[in-house]
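Listed below are the residues making up each chain.
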Amino acid sequence: MAAHQCYSPVVLFILCSLSVFAIAESQENTSVGDPDAAEIGNTQAGAETAEQRRWEATEIGETVLGVAPTDKPATSAGETRLTSSVPQPKDDFQEELVIRPLHSGDIYTSFQFRTLWDTDFMGGNRVSHYRLFPKSLGQVISKFSVQELHISFTQGYWRTMQWGQPFLPSPPGAELWVWFQDSVTDVDGTWKELTNVLSGIFCASLNFIDSTNTVQPSASFKPLGIGNVTDHRFLRYATLPREIVCTENLTPWKKLLPCGSKAGLAVLMKSEKLFHSSFHSQAVHIRPVCQDRQCKAISWELRQTLNVVFDLHTSGQGKREWSLFKMFSRTLTEACPLASSSKIYIDVTDNPQGEQFELSPTTPLLSQAVVLGDRRTYSVYDLTQQATFGSMRTLNLLLRWKSSEGDMLRPLLHGERYVAGYGLQTGEIHTLMYNHHPYRSFPVLLLDSVPWYLRLYVHTLTVTSKGKDNKPSYIHYQPSKDRVRPHLLEMLIQLPPNSVTEVTVQFERALLKWTEYTPDPNHGFYVGSSVISSLVPSVVAMDTNSTQERPLFSSFFPCKEESSYFVRVYTEPLLVNLPTPDFSMPYNVICLTCTVVAVGYGSLYNLLTRSFQIEEPSPGLAKRIANVIRKMRGVPLL
């Protein structure tokens, strides 16, 4: 037994040595037979990457040949090297952060993320491999034959006269508009399924979108990408003005990014800070775009945007001083490793000599871009360069105001809306459109979607400019049907220079069924924002080449004319009170009825079920004592 115990470790040592020699010999043979494999096989991570690339190339090769992967036997190493020459779809990811100091002391920050994929979802093409483009959205595009998809979640209202025009406008609440491909036969059924799927992806209440709040615009919301589908029958537009945006919507939105919230600019997206602001809006835009100027090939663009306005007073600072750490409670340490471009732009147009505010650390990189018809100057911080982070390996931009003087450039187009009237029977909707251009007039397209329970009197529609009637050149009105569809009103109106155009229409409030009221009916019912679209005259010449390399924040809306640029403005949502019954009366009736039933039924039940017995009167004290004595003596009791 002792001999066996001594020889056991020796045998194990010999076996381990033989296995090590065999592995080393196999690696040498691999390096001799395939130099590329030997170079990649130096590290374990490199071997896994090579195996993954061989698997991707094999899968793509099978797809190109039209053979299913399950019908084809396993390929050898030589066959894998042959299929790796098949070109793979290219994808690219860029991220940007734009910071615009406002004259009120607030800060407007806009995150821009773009994923560009050189593939084609059109014509029922199936895509099985995803790298940077999120698979959940790619499957949605393929399954529901989506040509364009635009969705936004906004909390707060954008104050145009105080903050200027945003890069990407959005109305309060949730907004969704989709262009379907012309191959879709049942658009309404596909639209309903799509809203349910998107509701699960973004953890939102999009499943409440139905025919009562969905419209088909005939002139507004034209495709922003390429495509020959312009028939409005394939367009659906809906809003939920009461949708509340919270962390549950931001978390799935961040998971769509290639790096998530672990690296790059997305590290700054801390929910506690983002939602403690006066305005925040997150959006997802998917559309097909051209790869080159001749548009010989199509790429799919996924653009994720997050706009936040940090208020000077709500932040509790009281100082006109901002930094990345004060705004987001975090600093930047690296760019997203998967991003080809990662930059931060600081708008310094109104601060050419540094008299308005001081920016540190400084950067020698300056860039000019045409944004919303004006040429702006930006200080650029390239996060892909290690010199940007300095010796501390971190970047914390600091902006300190020096002077509060200066006027903001007033936007040329602005809109407002409110409800007038008294009582709970009739009312009037007023929409105001401002043209602040001193000498140029331009047309605007107004879209109004009004719920069915506000019955519009179209014969009372009036449009006035400078006290005179302004007859629209185009009117499209679709009347509502009770509990089926809303009102749709579209008008093309010419706005005179330096004028205010007012659109008024009267309505009558409908009486809802008691099951159709919200849990808090006395709060009121929300009506979605009006949408104003226009080509506004530009101060400088616009760039009409959509394929030219430009910052992301200035290249979303396509431009076809050098003399004008596209602007979309949303008005405030309306809060309308409807005739509301006294919902406390049913409670009172229920309480009174239950009390009467309990008293009456209880008394009757006691009379029917209670048993009555004759109880003899208790004897006196003397008699009880006598009975005790008689019991002790054995004498019968009295």
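Rules behind the numbers
Residues numbered from 1 in each chain as written. Predicted model: local features only at pLDDT ≥ 70, side-chain atom pairs only at ≥ 80, totals over all residues. Heavy atoms only, no water. Helix = DSSP H or I, 4+ residues; strand = E, 2+ residues; numbered from the N terminus. Buried < 20%, exposed > 50% of the residue type's maximum accessible area, 1.4 Å probe, protein only. Phe/Tyr/Trp six-rings, centres within 6.5 Å; stacked < 30°, edge-to-face > 60°. Lys NZ or Arg CZ within 6 Å of the ring centre and 35° of its normal. Disulfide = S-S within 2.5 Å. Contact = heavy atoms within 4.5 Å. Polar contact = N/O pair within 3.5 Å; in protein donor to acceptor, adjacent residues only side chain to side chain. Expected span 1.5 Å × (residues − 1).

Digging into the environment of Lys255
Stage number 1. Mapped onto the fold, Lys255 is located in helix 8 (residues 247-255).
Stage number 2. Relative accessible area serves as the criterion here: at 66%, Lys255 is assigned to the exposed category.
Stage number 3. In sequence terms Lys255 and Pro134 are 121 residues apart; their C-alpha atoms lie 8.7 Å from each other.

A few points about the packing of aromatic side chains
Stage number 1. All told, the structure shown has 27 aromatic pairs when counted by the stated rule.
Stage number 2. Note on Phe310 and Trp322: the rings are 6.3 Å apart at their centroids and 45° apart in plane angle, and the pair reads as tilted. Here the residue Phe310 occupies a position in strand 8 (residues 298-310), and Trp322 occupies one in strand 9 (residues 321-323), the gap between them amounting to 12 residues. Accessibility assignment for this pair places Phe310 and Trp322 in one class, buried.
Stage number 3. Arranged with centres 5.2 Å apart and planes meeting at 55°, the rings of Phe557 and Phe566 form a pair that is tilted.
Stage number 4. Site record: aromatic cluster; members linked through ring pairs are Tyr108, Trp158, Trp163, Phe167, Phe279, Tyr345, Tyr378 and Phe553.
Stage number 5. Just above the ring of Phe167 sits the side chain of Arg100; from NZ or CZ to the centre is 5.1 Å.
Stage number 6. Above the plane of the ring of Phe556 lies Arg287, whose end atom (NZ or CZ) is 4.7 Å from the centre.

Points about the state of the cysteines
Stage number 1. The full count for this structure, using the stated rule, is two disulfides.
Stage number 2. Each sulfur of the disulfide joining Cys259 and Cys336 lies 1.8 Å from the other. Disulfide Cys259-Cys336: the torsion about the S-S bond is 70°, which places it as right-handed. In this pair, Cys259 sits in the loop between helix 8 and helix 9 (271-274) while Cys336 sits in the loop between helix 10 (324-328) and strand 10 (341-347), placing the two residues 77 residues apart along the sequence.
Stage number 3. Exposure remark for Cys259: the relative accessible area of 14% places this residue in the buried category.
Stage number 4. A relative accessible area of 3% means that Cys336 is categorised as buried.
Stage number 5. Disulfide partner of Cys290: Cys295, at an S-S distance of 2.0 Å. Looking down the S-S bond of the Cys290 and Cys295 bridge, the torsion is -70°, so its handedness is left-handed.
Stage number 6. A residue is classified by how much of its surface remains accessible, and Cys295, at 30% relative accessible area, is partly exposed.
Stage number 7. When the cysteines of the protein chain that form disulfides are numbered from the N-terminus onward, they connect as 1-4, 2-3.

Observations concerning the environment of Arg376
Stage number 1. In this structure, Arg376 sits in strand 13 (residues 374-382).
Stage number 2. Arg376 has contacts with Asp347, Thr349, Asp350, Ser367, Gln368, Ala369 and Val371, leaving out every residue within four places of it along the chain.
Stage number 3. Only 3.0 Å separates the side chain of Arg376 from the side chain of Asp347, close enough to count as a polar contact.
Stage number 4. One polar contact links Arg376 to Thr349, side chain to side chain, over a distance of 3.4 Å.

Topic: helix 7 (residues 187-202)
Stage number 1. A rise of 1.5 Å per residue sets the reference length of helix 7, with its 16 residues, at 22 Å; its end C-alpha atoms lie 22 Å apart and thus fit the reference within 8%.
Stage number 2. When helix 7 is considered as a whole, its buried residues turn out to be Val187, Thr190, Trp191, Leu194, Thr195, Leu198, Ser199, Ile201 and Phe202.
Stage number 3. By the N-cap criterion, in which a side-chain oxygen at the helix start approaches the backbone nitrogen of a residue two or three places on, helix 7 is capped by Asp186, the distance to Gly189 being 3.2 Å.

Looking at helix 12 (residues 621-633)
Stage number 1. Across its 13 residues, helix 12 extends 19 Å between first and last C-alpha, which sits within 8% of the 18 Å expected from 1.5 Å per residue.
Stage number 2. Within two residues after helix 12, Gly634 carries a phi angle of roughly 80°, on the positive side.

Treat this as a map of the structure, not an account of what it does.
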